[in-house]
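Close look at the chain arrangement
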Amino acid sequence: MAKGIAALAVGLVMAAIGMTGAGMTGLALAGTAEAPYRVLDGYARHGHQERLNTPADEVDWLRKNRFVHGELDDFPADAIVLHRVDVETYLDQAGFQGSYTHLSYGFTDPTDLWVVRKAGAAPFVVARGLPGAGGITTQVAELQALGARRIIHVGTAGLLSPDVPYGQIIVSDGSYRDGGAFLLAPDAREQVARPDRDFTARVRAAAARSGLPSARGIGYTMPIYYFQPGSILRDLLAIKGPDKPTFVEMEEGPFFTLATLMGLKAASVVVGSDRLVDDGGRLHQSLWDGDLDALELAAFKVAVAAVTTP
């Protein structure tokens, strides 16, 4: 994620520096010796009318050159992006052993997909999640181009609020946007990206049927995992009101924003793996000592139930 945003930022700066003469665009004109191009200003005021690079061409190439025997035909309309390395273990433990086909390719991103078709259940796809804005938005855009129309993100998060206990799943009400999300948004007015309301309600209903303890909350999308700025984390702890963030994660902001852009129904389920603790003014990360594997498996099963239960 951080690499993708950094690469884009570098590309914008190089474009500003490298374009001269009659071919110079408005973007390049903004960066001069007198007024250097400011990357964050570009993120906030980039416009929304012109968008380059769409996933349709990539998927068309895959159908013609990589999956030439109909592997991508009749692609399921529901998908789950699971941030786990052991996807097949999760599928087996969820009752789908022998009912999935693994597909992989790796051009714009290293993609692993499991197409699940089991008698008596609606088909769905599981994608092994890639971290951050670059990973999630590339994957989700390609899933949409393949035929997916509803997508659930399942991952872990760092808890901010002491009011959110460990050992439960959190169905997201939204997440503060990161830089990647603002590039996908029409403008910078809305700070929080939102999931699809009806689809999220469906996920909450699946969680209630499971008997799992669950909560709802607002996240903050942090585009890096290591070396997070303490000043921002302190600001998050101080936020009050209905949009007070209760967890930090790496994908929801751009995921929800892209879903809105592409007309997808999106929802997200996360589980707390650690907590930010303010210990007398010193911030540190406290790791949960519970069974995170079992909890994330339970969250995955809730996502599966949301897309397979009529």
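What counts as what
Residues numbered from 1 in each chain as written. Predicted model: local features only at pLDDT ≥ 70, side-chain atom pairs only at ≥ 80, totals over all residues. Heavy atoms only, no water. Core = buried A, V, L, I, M, F, W, Y, C linked by side-chain atoms within 4.5 Å. Buried < 20%, exposed > 50% of the residue type's maximum accessible area, 1.4 Å probe, protein only. Helix = DSSP H or I, 4+ residues; strand = E, 2+ residues; numbered from the N terminus. Contact = heavy atoms within 4.5 Å. Salt bridge = Lys/Arg side-chain N within 4 Å of Asp/Glu carboxyl O. Polar contact = N/O pair within 3.5 Å; in protein donor to acceptor, adjacent residues only side chain to side chain. Pairing = 2+ DSSP bridges. 1 Å grid on protein atoms, 1.4 Å probe; cavity = no way out; pocket = protein on both sides within 12 Å on 5 of 7 lines; lining within 4 Å. Points joined across faces, edges and corners; volume = space filled by probe spheres on them. Nonpolar A, V, L, I, M, F, W, Y, C, P; charged D, E, K, R; others polar. Axes fitted to C-alpha atoms, helices over the stretch in contact; angles between N-to-C directions. Left-handed = near helix turned anticlockwise from the far one by under 90°.

For the chain, an unreviewed UniProt entry supplies the name Uridine phosphorylase and the organism Nitrospirillum amazonense.

We now examine the nonpolar core. The biggest cluster of nonpolar side chains holds 31 residues, and the ones touching the most others in it are Leu91, Phe124, Ile152 and Phe300. When residues of this core are assigned to their parent elements, the largest contribution, nine residues, is made by helix 11 (residues 292-308). With residues up to four places along the chain from it excluded, the contact list for phenylalanine 300 reads Ile80, Leu82, Tyr90, Leu91, Ala94, Val126 and Val154. In this structure, Val59, Leu62, Val115 and Ala193 belong to the second largest nonpolar core, which totals 28 residues.

What the rule picks out here adds up to 14 salt bridges. Residue arginine 84 pairs with aspartate 293 through a salt bridge whose shortest N-O separation is 2.9 Å. One end of the pair, arginine 84, is in the loop between strand 1 (78-82) and helix 5 (87-93); the other, aspartate 293, is in helix 11, and 209 residues separate them in sequence. The class of aspartate 293 is partly exposed, set by a relative accessible area of 45%.

A separate point is the side chain of glutamate 252. Take glutamate 252: it is sitting in helix 10 (residues 252-262). In this structure the side chain of glutamate 252 is engaged in a polar contact, spanning 2.9 Å, whose partner is the side chain of serine 172. Once you skip the residues sitting within four places of it in the chain, glutamate 252 turns out to touch His153, Ser172, Gly174, Ser175, Thr221, Phe247, Ser268 and Val270.

Turning next to the pairing of strand 6 (residues 169-176). Burial of strand 6 is extensive: seven of the eight residues sit out of reach of the surface. Note that strand 6 and strand 8 (residues 214-221) share seven bridges and pair parallel. Bridge assignment links tyrosine 176 to a residue of strand 8, and that residue is tyrosine 220. In this structure, strand 6 lies alongside strand 10 (residues 265-279), joined through three bridges in antiparallel fashion. Across the sheet, the residue bridging to isoleucine 170 is valine 270, located in strand 10. One ladder, built from two bridges, connects strand 6 with strand 7 (residues 192-193); its direction is antiparallel. Among the inter-strand pairings, tyrosine 176 is bridged to a residue of strand 7, identified as valine 192.

Moving on: empty space enclosed by the protein. Using the criterion set out here, one finds one cavity of 30 Å³ or more in the structure. In this structure, the largest cavity encloses a volume near 40 Å³. Around the largest cavity, the lining residues are Tyr105, Thr111, Leu113, Ala127, Gln139, Glu142, Leu143 and Leu146. Secondary-structure elements contributing two or more residues to the lining of the largest cavity are strand 3 (110-116) and helix 6 (132-146). Ranked by residues supplied to the lining of the largest cavity, first place goes to helix 6 with four residues. Counted by class, the lining of the largest cavity contains five nonpolar, two polar and one charged residues.

Working note: a packed helix pair is described by the angle between its axes plus the distance between those axes. The contact between helix 4 (residues 55-66) and helix 6 brings their axes to 9 Å, and the two run at 65°. As for how helix 4 packs across helix 6, the hand of that crossing is right-handed. Of the residues in helix 6, those touching helix 4 at Pro55, Ala56, Glu58, Val59 and Arg63 are Ala141, Glu142, Ala145 and Leu146. Residue composition of the contact of helix 4 with helix 6, by class: six nonpolar, no polar and three charged.

Let us look at the layout of surface pockets. Any space left empty among the atoms is revealed by the rolling of a water-sized probe across them. Roughly 730 Å³ of internal volume is contained in the second largest pocket. Put simply, the parts of the chain that give the lining of the second largest pocket at least two residues each are helix 1 (2-18), strand 5 (150-159), helix 9 (230-238), strand 9 (245-249), strand 10 and strand 11 (282-287). In terms of residue count, the dominant contributor to the lining of the second largest pocket is strand 5 (five residues). Looking at the lining of the second largest pocket, its residues break down into 17 nonpolar, nine polar and five charged.

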